[in-house]
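Okay, here's what each chain looks like letter by letter:
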Amino acid sequence: MSKTKEIVVLPGDGIGPEVTKEAIKILQTVCKRHDKKLSIRSFPVGGASIDRYGRPLTEEALTACRKSSAILLGAVGGGKWNDQPKDKRPEAALLQLRKELDLFANLRPITTYKSLLKSSPLKQEIVSGVDIMIVRELTGGIYFGRPRFIEQTEQGERGVDTLSYTTEEIERVAHTAFETAAKRDRKITSVDKANVLDSSRLWRKTVQESAKQWPEIELQHMLVDNCAMQLVRNPKQFDVILTGNMFGDILSDEASMITGSIGMLPSASLGEEFAMYEPVHGSAPDIAGQNKANPLAAIASVALMCRYSLGMPEAAREIEAAIEATLNDGFRTGDISSKPSKEYLADTTDMGSAVLKHLNPYMQPGNLL
Ligand code: NAD
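No experiment lies behind these values; they were computed from the predicted model shown.

Novice: Got a sec to walk through the sheet that holds strand 10 (residues 240-243)? Specific residues and values, please.
Specialist: Ordered by their spatial adjacency, 10 strands build an open sheet running 2-1-3-12-11-4-5-10-8-9, and the pairing between neighbours is mixed. Across the chains shown, the open sheet's two edge strands, defined by having one partner strand only, are strand 2 (38-42) and strand 9 (218-223). Averaged over all pairs of adjacent strands, the angle between their axes in this sheet comes to 20°, without regard to strand direction. Sheet analysis places strand 3 (residues 70-75) next to strand 12 (residues 275-279), joined by 2 bridges and oriented parallel. Paired with Ile71 across the bridge in strand 12 is Met276. The sheet strands contacting helix 3 (residues 59-66) are strand 1 (5-12), strand 2 and strand 3, and the helix crosses strand 1 at an angle near 140°. Along the sheet, helix 6 (residues 167-182) contacts strand 4 (105-111), strand 5 (131-137), strand 8 (187-192) and strand 10; its crossing angle with strand 5, the most-contacted strand, is approximately 165°.

Novice: So what's going on with the pattern of salt bridges? Residues and values would help.
Specialist: Proximity of charged atoms lets side chains of opposite charge pair with each other. What the rule picks out here adds up to 18 salt bridges. Two residues, Arg184 and Asp239, come together in a salt bridge whose shortest N-O distance is 2.9 Å. Residue Arg184 is found in the loop between helix 6 and strand 8, and its partner Asp239 is found in the loop between helix 8 (224-233) and strand 10; the two are separated by 55 residues along the sequence. Ionic pairing is found between Lys193 and Asp225, a salt bridge with its closest N-O pair at 2.8 Å. Separated by 32 residues along the polypeptide, Lys193 in the loop between strand 8 and helix 7 (198-211) and Asp225 in helix 8 bring together distant segments of the chain. Accessibility expressed as a relative area gives 18% for Lys193, which makes it buried.

Novice: Give me helix 9 (residues 245-259): which residues, what numbers.
Specialist: Given a rise of 1.5 Å per residue, 15 residues ought to cover 21 Å, and the 22 Å separating the end C-alpha atoms of helix 9 matches this to within 8%. Those residues of helix 9 that fall on the buried side of the exposure criterion are Asn245, Phe247, Gly248, Leu251, Ser252, Ala255, Ser256, Ile258 and Thr259. The positive-phi residue at the C-terminal boundary of helix 9 is Gly260, with phi of around 115°.

Novice: Run through the packing of helix 1 (residues 16-33) against helix 11 (residues 313-328), naming residues and quoting values.
Specialist: Between helix 1 and helix 11, whose axes approach to 10 Å, the crossing angle comes to 135°. Classified by the angle their axes make, helix 1 and helix 11 are oblique. Seen from above, helix 1 lies across helix 11 with right-handed handedness. Facing Ile26, Val30 and Arg33 of helix 1, the residues of helix 11 in contact are Ala315, Glu318 and Ile319. Tallied by class, the residues present in the contact of helix 1 with helix 11 amount to 4 nonpolar, no polar and 2 charged.

Novice: Requested: an account of unusual backbone geometry, with residues and values cited.
Specialist: As a rule of thumb, non-glycine residues mostly have phi less than zero, and peptide bonds are mostly trans rather than cis. Residue Arg146 is joined to Pro147 through a cis peptide bond whose omega torsion reads 5°. With phi around 50°, Asp102 is a residue other than glycine that occupies positive phi space. Tracing the backbone shows Asp102 in the loop between helix 4 (90-100) and strand 4. Take Asp102: its relative accessible area is 31%, and that puts it in the partly exposed class. Positioned with a positive phi, Asn291 is a non-glycine residue whose angle comes to about 60°. Structurally, Asn291 can be placed in the loop between strand 12 and helix 10 (296-308).

Novice: Please give an account of the site of the ligand that cites residues and values.
Specialist: Close to the ligand lie 21 residues, the nearest being Val76, Glu91, Gly282, Ala284 and Asp286. With respect to the ligand, the backbone of Gly282 contributes an N or O atom lying 2.8 Å from an oxygen atom. Burial of the ligand by the protein chains amounts to 67% of its free accessible area of 810 Å². Across the shell around the ligand, the residue classes break down as 10 nonpolar, 7 polar and 4 charged.

Novice: Which residues make up the packing of helix 3 against helix 4, and what are the values?
Specialist: Running from N to C, helix 3 and helix 4 point in directions that differ by 40°, and their axes come no closer than 11 Å. Judged by the inter-axis angle, helix 3 sits oblique to helix 4. Between helix 3 and helix 4 lies a crossing whose hand is right-handed. Note on element contacts: helix 4 touches helix 3 through Gln96, Leu97 and Glu100, opposite Leu62, Cys65 and Arg66. Its residues placed into classes, the contact of helix 3 with helix 4 shows 3 nonpolar, 1 polar and 2 charged.

Novice: Which residues make up helix 6, and what values do they have?
Specialist: Between the first and last C-alpha of helix 6 there are 22 Å, a value that for 16 residues agrees with the 22 Å anticipated at 1.5 Å per step. Listed as buried for helix 6 are Glu169, Ile170, Val173, Ala174, Thr176, Ala177, Phe178, Thr180 and Ala181. Here the buried face of helix 6 lies against strand 4, strand 5, strand 8, helix 7 and strand 10.

So, how was this worked out
Residues numbered from 1 in each chain as written. Predicted model: local features only at pLDDT ≥ 70, side-chain atom pairs only at ≥ 80, totals over all residues. Heavy atoms only, no water. Pairing = 2+ DSSP bridges. Helix = DSSP H or I, 4+ residues; strand = E, 2+ residues; numbered from the N terminus. Axes fitted to C-alpha atoms, helices over the stretch in contact; angles between N-to-C directions. Contact = heavy atoms within 4.5 Å. Salt bridge = Lys/Arg side-chain N within 4 Å of Asp/Glu carboxyl O. Buried < 20%, exposed > 50% of the residue type's maximum accessible area, 1.4 Å probe, protein only. Expected span 1.5 Å × (residues − 1). Parallel < 35°, antiparallel > 145°, perpendicular 65-115°, else oblique. Left-handed = near helix turned anticlockwise from the far one by under 90°. Nonpolar A, V, L, I, M, F, W, Y, C, P; charged D, E, K, R; others polar. Near = heavy atom within 4 Å. Polar contact = N/O pair within 3.5 Å; in protein donor to acceptor, adjacent residues only side chain to side chain. Areas by Shrake-Rupley, 256 points an atom, 1.4 Å probe, with all protein chains shown as cover.

What follows is the structure, encoded as structure tokens:
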């Protein structure tokens, strides 16, 4: 039996606890099957932590994350905490985790499932066979730049944010993107706004320089506005998309519609030492507490955890195959339902149990605990 893997779960707010609960059952199942010992500790984060401790992330939770093999996060946020000052809002926990753990590369795979092609608002011939990996820089750019403030002026209020990137910040995320592309179709599209922004001109120059170490990888540059259009026009042209923090945030939400729902998209945030896995979606206050959320993004995030942090690539493939088989069986949560007769409208728990059944038909969730 290998060394125990310490997993920290930060369920968060809204649908976060509902989807992480299903994802953890899957993780326990594959670890049991692959003889991997787990220790799982859970801490409130975001609004749940504000309600309990008065701040979105406690020192105790952060220390546990620093000792972990991997972190699974649900989602944070909700209207209840909108009036908090910005450093006390639920989302501050996310930014703090990313910065403190130096999780500079965010990997967001966008893949389509055959049985879900009808759920995409795009034409089936456009989305069929799409397989994109978005590599988004996560600890720099306009979400972290200083100064940032809102000030009173004679003309009224003025809000300021700062967009800055250093060569080092660009180089390290570019390295992750080139490494990723080397294991895929060897093509990178680096996305920027170099026709307008100086930070983008540095981005383009630095990525171009990094490319010299990877002569076998084809590199092209694309302006972000064009990329937003190309993702809808012909998403199959992309293999790896490398981009900055804000552009990546927006493009990956757009790309989620290729798969049919944001409830399908997992992500991995990787640094040199730590790794955090989370669904791309937010806390979805509109459906929270109703057992309606699609848990597949959280479950697919656990597959990424198995691949990148737990040394279990086989388990990752098993989870991904179980998700595909569940969809082929016709299980659909509301967000991916197109309502033909062969579909079963599933709630969050049904969907999690259906995936679990494909992983181990003899194991009931109760046997795991
Ligand atoms: P959202 O992703 O929470 O929801 C957008 C829409 O998608 C909603 O209609 C929601 O019902 C639906 N949806 C999202 N996930 C789903 C799932 N798993 N299954 C079914 N439907 C799903 O985005 P939003 O509404 O813009 O934000 C809500 C809150 O979440 C805000 O407070 C925002 O700041 C926060 N947020 C958090 C994160 C995060 O924790 N990483 C990311 C984005 C937004």
